[in-house]
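# Per-entry structural report
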Amino acid sequence: MRALRPHRHRIIFLRLRCDDLAFDIQGENEGQVTAHEFLCDGALTELELLDVELGRWSWEGMKEVRLSSCIKELRLHGPWTKYCMPLVSISLRSLVIADHQGVPFSRILVALQATPSLISLTIRDISFTEIDLKKGFIVPLDHLESFSLIRIVPSAAEALLGCIAAPNLVSIALHLTDTFYSSGNSSQNNILRLSDVPRPSVQRVDLTDCEGGASFFASVFHTFPSITRLRIASSNISEEDLLPLLVQRSNSEESGKVDTACLNLKHLTIDNEVNEITEMIRKIALARHNSGIPLESVTLQGIPVDDDVCADIAELGQIVPQVVIGGFDSERDVYGDPPYCSGSETSSEGDWASGDEELLTAGRKYL
């Protein structure tokens, strides 16, 4: 840390972990530079991206972290609510908040109110308390384009989706930690209900561990009617779940009318699914092709293969311009982790990213 101190005015990207830092603890580490001294004396004038783990910051007592307003991208891992709220500011364009348990839901709303210019937001591996107290509260994020909820329980995901008003949202990723859904008693904690109000601005949807059944997927297609790219992974989907994407015969006498969900869907990716669904995907692709709304690509990875599946895939190749087939990838269990943690890509296509990777991609717009 001392070696870097004279060069702080040149640092643009800074990533710190608690083991990297020297802390003053009752006279220990004498002569070393403390974390707060390094960060907070105004020398980091060009810093644009800060990635910091906060697990041991409480050793610094009640000091608060304060930096210049030049930071555009911030990633906080650990108990950020006590010491680092001043970092969450109007200048931020990209925010990742991760790895913190028992966060009062009101604190995340306060943080989001302080960041009205966000373009990308990822909330990962966080549990919340007191969610019901803030139901109905709205935070406007007019610039938000990318929103990822990674390993979040359904009740928290529902509350966050309900509280954030993002009229220009383009991409949403949901990776849930609980597989129980219900349309019954709202008092149940593990329920994800999407709003009945459509969000037509959303074009890319990424779903992982979303075992909601046909009613859940129907609500996804209703809430996000303008999807162009859809990825479903490890969600135990069935043919019934995908049925709304199939072009149905319309009873209307109106010529040329197409009756199906997600008219704009062009790219479909299915990862790590155990049920045989290739016949339904083939039917979807064929019906859309014949109706003048063809799929441009289908990616199937980690699906069961037999002679019938091979026949479906062969026919898909005659209908869809790009068909990609891959094996099961166990590393996708860490979906949503940053590339430097997982060792694998979080995207299934080169131009389709999700989770933290998507956040970084979208965040480059302002740099």
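The preceding data block contains the structure.
Residues numbered from 1 in each chain as written. Predicted model: local features only at pLDDT ≥ 70, side-chain atom pairs only at ≥ 80, totals over all residues. Heavy atoms only, no water.

Right, let's talk about the packing of aromatic side chains for a bit. As enumerated under the stated definition, the model contains 2 aromatic pairs in all. Summarising the aromatic geometry, the rings of Phe-105 and Phe-128 are spaced 5.5 Å apart at their centres and angled 80 degrees between planes, so their arrangement reads as edge-to-face. Taken together, the positions of Phe-105 in helix α3 (residues 105-113) and Phe-128 in strand β5 (residues 120-129) put the pair 23 residues apart, joining distant regions of the chain. An angle of 75 degrees between the planes, with centres 5.3 Å apart, marks the rings of Phe-216 and Phe-217 as edge-to-face. Like Phe-216, the residue Phe-217 is buried in the burial classification. (Phe/Tyr/Trp six-rings, centres within 6.5 Å; stacked < 30°, edge-to-face > 60°. Helix = DSSP H or I, 4+ residues; strand = E, 2+ residues; numbered from the N terminus. Buried < 20%, exposed > 50% of the residue type's maximum accessible area, 1.4 Å probe, protein only.)

Now for the sheet that holds strand β4 (residues 94-104). One open sheet accounts for 12 strands, arranged β1-β2-β3-β4-β5-β7-β9-β10-β11-β12-β13-β14; its pairing is parallel. Looking at which strands have only one partner, the edges of the open sheet turn out to be β1 (13-16) and β14 (322-326). Shown here is a sheet whose adjacent strand axes are inclined to one another by a mean of 10 degrees, direction ignored. Inspection of the sheet shows strand β7 (residues 146-152) paired to strand β9 (residues 171-176) by 6 bridges, in the parallel sense. When the sheet's bridge partners are listed, Ile-150 is paired in β9 with His-175. (Pairing = 2+ DSSP bridges. Axes fitted to C-alpha atoms, helices over the stretch in contact; angles between N-to-C directions.)

Glancing now at unusual backbone geometry. Most of the time, phi is negative for any residue but glycine, and the peptide bond is trans. Even without being glycine, Glu-130 reaches a positive phi, approximately 60 degrees. Counting through the fold element by element, Glu-130 comes out in the loop between β5 and β6 (139-140).

This part takes up the pairing of β9. In terms of burial, β9 is largely enclosed, as 6 of its 6 residues are buried. Going residue by residue along β9, you find Ser-171, Ala-173 and His-175 tucked away on one face and Ile-172, Leu-174 and Leu-176 tucked away on the opposite face as well.

Turning next to the nonpolar core. By size, the foremost hydrophobic cluster in this structure holds 88 residues, and its most contacted members are Ile-108, Phe-128 and Phe-147. No other element matches the 6 residues that helix α4 (residues 154-163) contributes to this core. Leave out the neighbours within four places in its chain, and Phe-128 touches Val-103, Phe-105, Ile-108, Ile-123, Ala-156 and Leu-160. (Core = buried A, V, L, I, M, F, W, Y, C linked by side-chain atoms within 4.5 Å. Contact = heavy atoms within 4.5 Å.)

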